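# A look at the structure
Listed below are the residues making up each chain.
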Amino acid sequence: MARLFDGRSEKYASTILEAIGVAVTRLHERSGAYGPLYVFSDMLQVTPGPGGFNFEKHVPRPQDFVSWVKKSGLAADLHNIPLLVCGLHTGQFGLNSAAQATRLHDLWQRTLQSMGAPEIKLYTSCDAAFAA
């Protein structure tokens, strides 16, 4: 997706962050106040290949992921852009435990904060997100 808009050669480094980056680039082309950017995703990052991530199996430490995001050039400028995420993965059991879901929530909270988002709301249910 990123290659379509800015010519980068990496392929699918992070479809989640690439989609946010494209949306934010379009938002910054217009002046004025920004409402929330809505992200509909389970936020389970899967990056194939060496050095990639598979959040379905392991959620890394937030600082490690934030470092990778910055090093990979995937950090969008989220200043003045609030985010509302719905569909965040919930853990059930085993590798997909509630503890993993909590780590996933914390990781994305820290990652989006590191990009300057003034407000971040992470919901597992879109119904709950829009009722709030």
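Below: a short report on this structure. This is a predicted model, so every value here is computed, not measured.

The rules behind the values
- Residues numbered from 1 in each chain as written.
- Predicted model: local features only at pLDDT ≥ 70, side-chain atom pairs only at ≥ 80, totals over all residues.
- Heavy atoms only, no water.
- Helix = DSSP H or I, 4+ residues; strand = E, 2+ residues; numbered from the N terminus.
- Buried < 20%, exposed > 50% of the residue type's maximum accessible area, 1.4 Å probe, protein only.
- Contact = heavy atoms within 4.5 Å.
- Areas by Shrake-Rupley, 256 points an atom, 1.4 Å probe, with all protein chains shown as cover.
- Pairing = 2+ DSSP bridges.
- Disulfide = S-S within 2.5 Å.
- Salt bridge = Lys/Arg side-chain N within 4 Å of Asp/Glu carboxyl O.
- Right-handed = clockwise from strand over helix to strand, strands pointing away.

## Quick notes on the overall build of the protein
Broken down by element type, the protein carries five helices and three strands. Moving toward the C terminus, one meets the helices and strands of the protein in the order α-α-β-α-β-α-β-α. By the burial criterion, 39% of the 132 residues in the protein qualify as buried. Sequence-distant contacts in the protein: of pairs separated by 6 or more residues, those separated by 24 or more amount to 71%. With an accessible surface of roughly 7,400 Å², the protein has 54% of that area assigned to carbon and sulfur atoms.

## With respect to unusual backbone geometry
A positive phi angle, near 65 degrees, is found at methionine 43, a position not held by glycine. Mapped onto the secondary structure, methionine 43 falls in the loop between β1 (37-40) and α3 (62-71). Overall, methionine 43 belongs to the buried group, its relative accessible area being 0%. For asparagine 80, which is not glycine, the phi dihedral falls at a positive 70 degrees. Relative to the helices and strands, asparagine 80 is located in the loop between α3 and β2 (83-86).

## Here we look at the pairing of β1
Side chains Leu37 and Val39 project from β1 onto a buried face, and the interleaved Tyr38 and Phe40 project onto a face without burial. As defined by bridge partners, β1 adjoins β2 across four bridges and the pair is classed as parallel. Among the inter-strand pairings, phenylalanine 40 is bridged to a residue of β2, identified as cysteine 86.

## What to know about the state of the cysteines
Such a bond, covalent and formed between the sulfur atoms of two cysteines, is termed a disulfide. Counted according to the given criterion, the structure contains one disulfide. Between the sulfur atoms of cysteine 86 and its disulfide mate cysteine 126 the distance is 2.0 Å. Residues cysteine 86 and cysteine 126 share a disulfide whose torsion about the S-S bond is about 80 degrees; that sign makes it right-handed. In this pair, cysteine 86 sits in strand β2 while cysteine 126 sits in helix α5 (residues 126-131), placing the two residues 40 residues apart along the sequence.

## Considerations on the pattern of salt bridges
One pass over the structure, following the stated rule, counts four salt bridges. Residue arginine 61 is joined to aspartate 64 by a salt bridge in which the shortest nitrogen-to-oxygen separation is 2.8 Å. For aspartate 64, a relative accessible area of 35% gives the class partly exposed. When the shortest N-O distance is used, the salt bridge between lysine 121 and glutamate 119 registers 3.3 Å. Lysine 121 sits in the partly exposed class, given a relative accessible area of 35%. Given the relative accessible area of 38%, glutamate 119 is considered partly exposed. Here the salt bridges do not stand alone but share partners, grouping Arg26, Glu29 and Arg30 into one network.

## A look at the pairing of β2
Judged by which residues are buried, β2 turns out to be covered on both faces: Leu83 and Val85 on one side and Leu84 and Cys86 on the other are all buried. Taken together, β1, α3 and β2 constitute a β-α-β crossover, and its handedness is right-handed. The pairing of β2 with strand β3 (residues 120-123) spans four bridges and is parallel. Looking at the pairing, valine 85 lines up with leucine 122 of β3.

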